Amino acid sequence: MSLFDKTRHKPCEMTPWSIDVARREIVRIVSDVENQFQGDALWLEHPLERDESTSTRLTSMYFGASGTVFALKNLANRNLVKLKHNYGDAIPKIVEVHNAEPDFAEYKRTGLLCGDLGVYFTAWLVTKDRTYLDLINRAGEDAITQPELDLMWGAAGTIAVAKYLFETTQEKRWKDLAELGAEFLWRNWEYDVELKCFLWTQHIYSLQLKFTGAVHGFAGNVASLAMIFDFLGQEKSIQLIRRTLETVKSTATVESETANWTASYPQRPNRPEMLIQYCHGAPGIILGMMNIPKNLDGDFEDLLLKGGELIWQAGPLAKPHGLCHGNAGNGYAFLALFKRTQDQKWLERARVFAMEAIMQSQVAADKYQRRRPSLWLGDMGLALYLADLVEGEFNGLPGFDYF
């Protein structure tokens, strides 16, 4: 079985890394995105989003105004850009539009990436208006019990938000919320006799599948649990590590010096089995293991390195350049390996993918005569990736691992 589909990748241009080019691209992206801001109309739907959502004024963290504003404010707070607009003034409109016309009205409105939790959390991050905290708490509780059992709609997003809010406010309710999310994930983490490991079953899109990746399954859930080792207690922390190592090893497919992980068990109908993206495949597995202690198991560490080698050998994705299924997200996997190993080659590879993503972004901007302002699918996610490279900081994926 091939570990990836060659038609989904492109030759690497190997453009030399330039911190000056990266800085300029951050400024250029932000300037273009700000110029596209339409006030109460927010950002007009990008053509590439037309088949993704039921709304024309997108508001979610995933590809809507909440994610765009989060990224803009994050870059401004790091003094990498100066903003033309005060987006605190836009927050009430974002919340109003979301409540009236959520991005996924025909499916559901829960969760960090695509629902209430991400919209209300962004509203609080930008305004620090405490009235949003009760809304966040209720949205977080609602997301925990969703049958998707994933980052996009479910408990993993709640845990990430609750951890951040507990560290920021020291209010006990956020620690309680994170623990509630962890308990729900733990109760539903089941042993698969055939695979000989622990996986969650996602009830999603009218299907029941066991996803291995970061956005919809195992890797994202593990990442959220590993964020709160201090809350889990010693016994569960040990079990979390043991189950995680076991599952990564049991579900890996290895070819020579490369490895990948099938998207789901069983395979999702009419979908590729092997992908190389944050959402499905090696990049998400690598990033999901970021907070699992290193050097406990040589075979586990070797598989993460082989996953990184696959990303490199396959080359840049031909798809758009964002976090979820683009070269910024895949580049973050290289950064995770650099942080884990301190091997300079992973940083160099992350920089190569950054230059590829810059070129893709510019080509797309010329083609559509506009930027794609999405955090997870478009240019704002790329801007944050470039910012982390410019500053030499790596704390995981923006909008989940850090806020």
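A. Focus on the packing of helix α7 (residues 172–187) against helix α8 (residues 218–227). It is the contact of α7 with α8, at a shortest axis distance of 10 Å, that shows an interaxial angle of 135°. By the angle class used here, α7 and α8 are oblique. Crossing of α7 over α8 shows left-handed handedness. Within the contact between the two elements, α7 uses Ala182, Leu185 and Trp186 and α8 uses Asn221, Ser224 and Leu225. Its residues placed into classes, the contact of α7 with α8 shows 4 nonpolar, 2 polar and no charged.

B. Here's a closer look at unusual backbone geometry. The amide bond that connects Tyr265 to the next residue, Pro266, takes the cis arrangement and shows omega of -10°. With a phi angle near 55°, Lys128 is a residue other than glycine that sits in the positive phi range.

C. Highlighting helix α13 (residues 327–341). An ideal rise of 1.5 Å per residue puts 21 Å on 15 residues; α13 measures up with 21 Å between its terminal C-alpha atoms. Of all the 15 residues making up α13, 13 are buried; the element is thus mostly covered by neighbouring parts of the structure. Positive phi shows up at Gln342, right after α13, with a value of about 60°.

D. A look at the side chain of Glu49. Its location among the elements puts Glu49 in the loop between α1 (19–35) and α2 (65–77). Here Glu49 falls in the buried class, since its relative accessible area comes to 2%. Polar side-chain contacts of Glu49 include one of 2.7 Å to the side chain of Arg372. Those residues in contact with Glu49, other than ones at most four positions away along the chain, are Leu58, Phe63, Arg372 and Leu377.

Procedures and definitions
- What you see as residue numbers is a count from 1 along each chain, following the sequence as written.
- A pLDDT threshold of at least 70 governs which residues receive local features in this predicted model, and a stricter bar of 80 or more applies before side-chain atom pairs are shown or counted, although totals over entire chains, interfaces and linings include all residues.
- Excluding hydrogens and water, the side-chain values take into account all heavy atoms of the structure.
- To get an axis, fit a line to the C-alpha atoms, keeping to the stretch in contact for a helix; angles then go from 0 to 180 degrees between the N-to-C directions.
- For the purposes of this entry, the term helix denotes a DSSP run of H or I that reaches at least four residues, the term strand denotes a run of E that reaches at least two, and both are numbered from the N terminus.
- Here the angle decides the label: under 35 degrees means roughly parallel, over 145 means roughly antiparallel, 65 to 115 means roughly perpendicular, and every other value means oblique.
- Left-handed describes a crossing whose near helix is turned anticlockwise from the far helix by less than a right angle; the clockwise case is right-handed.
- Contacts: residue pairs with any heavy atoms within 4.5 Å of one another.
- Amino acid classes used here: Ala, Val, Leu, Ile, Met, Phe, Trp, Tyr, Cys and Pro are nonpolar; Asp, Glu, Lys and Arg are charged; the rest, including Gly, are polar.
- Multiplying 1.5 Å by the residue count of a helix minus one yields the expected span of that helix.
- Buried, partly exposed and exposed residues are distinguished by accessible area as a fraction of the type maximum, computed with a 1.4 Å probe on protein chains only: under 20%, between the cut-offs, and over 50%, respectively.
- Pairing of N or O atoms within 3.5 Å defines a polar contact, subject to two protein rules: one partner must be a possible hydrogen donor and the other a possible acceptor, and residues neighboring in sequence count only if both atoms are side-chain atoms.

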